[in-house]
Amino acid sequence: MERYVEDYQKRRLTERVDIMTAINILKSQGYDHDELIAEITKVFYVDLDTYNEVVKAA
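Calculation rules
Residues numbered from 1 in each chain as written. Predicted model: local features only at pLDDT ≥ 70, side-chain atom pairs only at ≥ 80, totals over all residues. Heavy atoms only, no water. Salt bridge = Lys/Arg side-chain N within 4 Å of Asp/Glu carboxyl O. Buried < 20%, exposed > 50% of the residue type's maximum accessible area, 1.4 Å probe, protein only. Helix = DSSP H or I, 4+ residues; strand = E, 2+ residues; numbered from the N terminus. Axes fitted to C-alpha atoms, helices over the stretch in contact; angles between N-to-C directions. Parallel < 35°, antiparallel > 145°, perpendicular 65-115°, else oblique. Left-handed = near helix turned anticlockwise from the far one by under 90°. Contact = heavy atoms within 4.5 Å. Nonpolar A, V, L, I, M, F, W, Y, C, P; charged D, E, K, R; others polar.

**Let's talk about the pattern of salt bridges**
Stage number 1. Tallied over the full model, the rule gives three salt bridges.
Stage number 2. One salt bridge in this structure joins Asp 18 and Arg 11, with 3.6 Å as the shortest N-O distance.
Stage number 3. Owing to a relative accessible area of 26%, Asp 18 belongs among the partly exposed residues under this scheme.
Stage number 4. Notably, a salt bridge pairs Arg 16 with Glu 53, separated by 3.3 Å at the nearest N-O pair. With Arg 16 in helix H1 (residues 16-28) and Glu 53 in helix H3 (residues 48-57), this residue pair connects regions lying 37 residues apart in the sequence.

**Focus on the packing of H1 against helix H2 (residues 33-43)**
Stage number 1. Look at H1 against H2: their axes get within 10 Å of each other, and the N-to-C directions meet at 115°. Judged by the inter-axis angle, H1 sits roughly perpendicular to H2. Helix-helix and strand crossings are classified by hand; for H1 and H2 the assignment is right-handed. Contact residues: H1 offers Ile 19, Ala 22, Ile 23, Leu 26 and Lys 27, while H2 offers Leu 36, Glu 39 and Ile 40.
Stage number 2. For the contact of H1 with H2, the residue count by class is six nonpolar, no polar and two charged.

Right, dumping it as structure tokens:
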């Protein structure tokens, strides 16, 4: 699924729960681990340190 959002429209994901929710939604749509960061950053500004913590914990 192609998603294009203008930069000024992107929401910030900084909370662990929000990042985990986005990851779970993408996984439910069939994205694998290697595709997650590419897809999530198309739609959101992501705190990458928190993202990495969430991915390591999962």
